[in-house]
Amino acid sequence: MSVLPYLVAGWLFLVGCYGLATSRNLIHAVGSLAVCQASTYVLLLAVGYRHGGTAPVFSDIRPGSRPVVDPVVQALTLTDVVVGATLTALLLALVVQVSKRHGTVDPDELRELRG
Amino acid sequence: MTAAQALPVLVAGPLLGAAVLVATGRWLPRYVADVFAAVVAGAAAALAVGVLVATADGATPVEWVGGRRPRDGAGVGIVLVGDGIGLGLTALVSVLVVTALIYSWRFFDDPPSHQTGAFPALILAFQAAMCGFTLTGDLFNAFVFFELMGVVAYALTGYRVEEARAVQGALTFGFLNSLGGYAILLGVGLLYAHTGQLGLAQIGQHLDAGGERSGALVKVAFVLVATGFLVKAAAVPFHFWLPDAHTVAPTPVCMLLSGVMVQLGVYGVARLYWTVFAGSGALPEEAVHRALLALGVLTAVTGALLCWLQRHVKRLLAFSTIAHTGLFLVALAVLTPEAVSGTALYVLGHAGVKAALFACAGILVDRFGSVDEQELHGRGTRLRPVGVLFTVGGLALAGLPPFGTGLGKALSEEAAGGWPTVLFVAVSAATGGAVLRVAGGVFFGLGSPPADEDRPHATGRHRQDGAEAHEDAETTGADEPEETRERVTRAPDTMFAAAAALLAAGLAVGCVPPLWSAVSRAADSFTDHSGYAMTVLHATEQHLPHSPVPHWSPAGVALGLASAALAAAGAWGALRTVPSGVRPGWSLPLRRLHSGHAGDYVACAVAGLTLLAALVW
């Protein structure tokens, strides 16, 4: 088992957080959040990977004849993709409204809610 | 229908109701949509209470959806578990949703004709997500319900999309909570990699068998999942989304956010610890105790300070929620059944009192188009009944016996013992005192009115020229968007009745002994690590020795009275001596930290993640 995918997952999460923290544009910030989410895809798929395994679809292979990767994590990843799509759509819709109401998408200029 | 079969209905019912409203809302007159939503939510509430009463002395209902039971302790079926604390929270969620829906009847302007069903549909979806979160016995499903709860809450917070502040608050809320959700999923992934299981009970059993091996991995997984729940619980330094969201959200939504959703984050941490990690040698009890206590103290003190410093009434109440979350964490940190029953009663009482206070603040919005303490000084004198409710709510928040908050505070003090008692008294007195100060100034005209230049309308004109007018970091409550078509001349009956009923419910929690013993039994089984696994996986109940039934102790009553007196004295002192609007200079760094910038908040949350890891190690 390689450590590389786990390091990639950790790196993606941190770099996404860095992007969110330093973002100068809300659309970029929504993208950074999607990068954070990509770390969960990488982690889940890495967890289910088996060396020499194939896709867990049994239409053309006999069950038990060869190793398959874990289908559970793939189901989790698919659910995660759906959650992410919902979220990105909602956040982008809010960014559109921010742009209309504030005339800017720079978070540095949104300073009404303070203290 | 057996009790177990009722569990999926508690989640699916409101979700179906929401779907019906979304599909047909376009053609429905508003009152039909409102009544339909209230009936669906009310039916779910009645069912939850019914199941709770039916199973009070019997077996814990466990439902494997679709009959997919685990074989030999392994499987991927989805399980719903209706234990006392979970079902109790479901009932609390449902009852609070019904009240919020009734409150909102008179609260909003007529929505645009093509989206009549939108608000009630969102509220029902919110109810379904929260009920699912409390009932699920599966960690991945907890993540899914967490995200659903989040997404619906962002939409509800930004419901008035025409408002500049509303969309900004919703966006901050969205960024932080989604990041917390992904931290949960990373933790779930690690736990699945380690144990090959997703159910809380199954993961717990595998960790028990593993002993102290892979201690680091288990700790990392705990830190990641707990971080997500603590973001929802608004523990400092993950709390920054909460005041912004409460400042801008419609009042019925604030009632749900502060009344129960935030507490579900605390519930998540407790559930996670006892079902998954309590039996494993990899995560010592002292580490969890240390982490919860440190975060709880930090949260309680920060929340109480900022609560006292606010002039925006809804924001003030939001910070008081943060302070109380800190107290819940401090109490839970003891990790005993007594601490859980104390916290549970505190949460119940707090839900009623806090929702009632928000309901009163919403009446101010409707009446005056403002929730700014200084602008409203002395203007609420004609809303005397609301003022009385608000004052009583402030005293209850401080822990006045016999309110449920007072009982919960007394029991938590007993469980925590020692110096935390001082913290409980001081923090609850500060939050209650801030509410009483608002009540005295706004509804009874006590204290000196603010000088003209402090009135936000005078500075409001400058604000349009640029942000410089507000260099002194604060959020005023002026220019609040009106939520009714005309400014109401007196409190509408449904709104006033909702506030009064909520406050009465908060009082009842402290006065009904059968409830106390039920909560105590629920806490016993909640903290039983191996008993949970036996119940869920093997459907066998263990009969535990019951903890003593909680009750009012003389010391608890005395400390409750002391906090209430301290709160009243503090409010009186503030009204008499400090000129309105003057805030101490030392508080500026703390206020500046709440910069309204989502990036800063994310940076603080990542620092909090590191802090939590350091505390657990």
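The rules behind each value
- Residues numbered from 1 in each chain as written.
- Chains lettered and ligands numbered in written order.
- Predicted model: local features only at pLDDT ≥ 70, side-chain atom pairs only at ≥ 80, totals over all residues.
- Heavy atoms only, no water.
- Helix = DSSP H or I, 4+ residues; strand = E, 2+ residues; numbered from the N terminus.
- Rg over C-alpha atoms; globule rule 2.2 N^0.38 Å.
- Buried < 20%, exposed > 50% of the residue type's maximum accessible area, 1.4 Å probe, protein only.
- Contact = heavy atoms within 4.5 Å.
- UniProt positions renumbered as here; feature names shortened; annotations may be inferred.
- Salt bridge = Lys/Arg side-chain N within 4 Å of Asp/Glu carboxyl O.
- Buried area = accessible area lost by both parts, 1.4 Å probe.
- Polar contact = N/O pair within 3.5 Å; in protein donor to acceptor, adjacent residues only side chain to side chain.
- Nonpolar A, V, L, I, M, F, W, Y, C, P; charged D, E, K, R; others polar.
- Axes fitted to C-alpha atoms, helices over the stretch in contact; angles between N-to-C directions.
- Parallel < 35°, antiparallel > 145°, perpendicular 65-115°, else oblique.
- Left-handed = near helix turned anticlockwise from the far one by under 90°.
- Core = buried A, V, L, I, M, F, W, Y, C linked by side-chain atoms within 4.5 Å.

## Quick word on the overall build of chain B
Link 1 in the chain: Each helix and strand in chain B was counted, giving 23 helices and two strands.
Link 2 in the chain: For a compact globule of 617 residues, the expected C-alpha radius of gyration is about 25 Å, and chain B comes in at 23 Å, within 12% of that figure.
Link 3 in the chain: The dimensions of chain B, computed from C-alpha atoms along their principal axes, are 75 × 60 × 45 Å.
Link 4 in the chain: When the 617 residues of chain B are sorted by exposure, 63% land in the buried category.
Link 5 in the chain: Residue pairs at least 24 apart in sequence account for 83% of intrachain contacts in chain B once pairs closer than 6 positions are excluded.

## What about the UniProt feature "transmembrane region" (unreviewed entry) in chain A?
Residues and elements named next belong to chain A.
Link 1 in the chain: Within the UniProt annotation, "transmembrane region" (unreviewed entry) is assigned to residues 6–23, 30–52 and 72–96.
Link 2 in the chain: Regarding residues 6–23, the helix share stands at 94% and the strand share at 0%, and the terminal C-alpha atoms are separated by 25 Å.
Link 3 in the chain: Secondary structure content for residues 30–52 is 83% helix and 0% strand, and the end C-alpha separation is 36 Å.

## Some details on the pattern of salt bridges
Link 1 in the chain: What the rule picks out here adds up to 10 salt bridges over all chains.
Link 2 in the chain: Residue Glu413 of chain B pairs with Lys409 of chain B through a salt bridge whose shortest N-O separation is 3.1 Å. Taken together, the positions of Glu413 of chain B and Lys409 of chain B, both in helix α15 (residues 404–416) and four residues apart, correspond to about one turn of that helix.
Link 3 in the chain: Overall, Glu413 of chain B belongs to the buried group, its relative accessible area being 5%.
Link 4 in the chain: Note on Lys409 of chain B: relative accessible area 1%, which makes it buried.
Link 5 in the chain: Salt bridges linked by common partners bring Arg24, Asp106 and Asp108 of chain A together as one network.

## Topic: unusual backbone geometry
Residues and elements named next belong to chain B.
Link 1 in the chain: Following Val236, the chain continues to Pro237 via a peptide bond in cis, the omega torsion being 5°.
Link 2 in the chain: Looking at where Pro237 falls in the secondary structure, it is placed in the loop between α8 (215–233) and α9 (241–248).
Link 3 in the chain: Cis rather than trans, the peptide bond between Pro401 and Pro402 has omega equal to 0°.
Link 4 in the chain: Relative to the helices and strands, Pro402 resides in the loop between α14 (384–397) and α15.
Link 5 in the chain: Of note in this structure, Ala234 is not a glycine but carries a positive phi near 60°.
Link 6 in the chain: Inspection of the secondary structure puts Ala234 in the loop between α8 and α9.
Link 7 in the chain: The backbone phi angle of Leu335 is positive, close to 60°, even though this residue is not glycine.
Link 8 in the chain: Topologically, Leu335 is positioned in the loop between α12 (313–332) and α13 (337–368).

## Some details on the interface of chain A and chain B
Link 1 in the chain: Listed by partner, the interface residues are 42 residues for chain A and 53 residues for chain B.
Link 2 in the chain: Here chain A packs against chain B, burying approximately 4200 Å² in sum over the two surfaces, 74% of which is carbon and sulfur.
Link 3 in the chain: On the chain A side of the interface with chain B, the three residues burying the most area are Leu113, Arg114 and Gly115 of chain A, jointly 21% of the side's total.
Link 4 in the chain: Linking chain A with chain B are one salt bridge.
Link 5 in the chain: For Arg101 of chain A, the salt bridge goes to Glu162 of chain B, with nearest N and O atoms at 2.6 Å.
Link 6 in the chain: Viewed at the interface, chain B and chain A are joined by six residue pairs in polar contact (both at pLDDT 80 or more).
Link 7 in the chain: Elements with a minimum of two residues in the side of chain A that touches chain B: α1 (4–22), α2 (26–48) and α3 (71–102) of chain A.
Link 8 in the chain: Counting residues per element, the side of chain A that touches chain B draws most heavily on α3 of chain A, at 17 residues.
Link 9 in the chain: Broken down by class, the residue content of the side of chain A that touches chain B amounts to 25 nonpolar, 10 polar and seven charged.

## Digging into the packing of helix α3 (residues 84–105) of chain B against helix α18 (residues 493–509) of chain B
Residue and element names in this part refer to chain B.
Link 1 in the chain: Contact geometry for α3 and α18: axes closest at 7 Å, N-to-C directions at 155°. Taken together, α3 and α18 sit at an angle that is classed as roughly antiparallel. For the element pair α3 and α18, the recorded crossing hand is left-handed. Between α3 and α18, the contacting residues are Leu96, Thr99, Ile102, Tyr103 and Trp105 on the first element and Thr494, Met495, Ala498 and Leu502 on the second.
Link 2 in the chain: Its residues assigned to classes, the contact of α3 with α18 comprises seven nonpolar, two polar and no charged.

## Description of the nonpolar core
Residue and element names in this part refer to chain B.
Link 1 in the chain: Counting 224 residues, the largest nonpolar core has Phe126, Phe133, Phe175, Trp241, Met261, Phe277 and Phe390 as its most contacted members.
Link 2 in the chain: Filtering out sequence-adjacent residues up to four positions away, Phe390 remains in contact with Val313, Leu357, Cys360, Val435, Val438, Ala439 and Phe443.
Link 3 in the chain: Formed by five residues, the second largest nonpolar core is a distinct cluster that contains Ala398, Ala429, Leu436 and Ala571.

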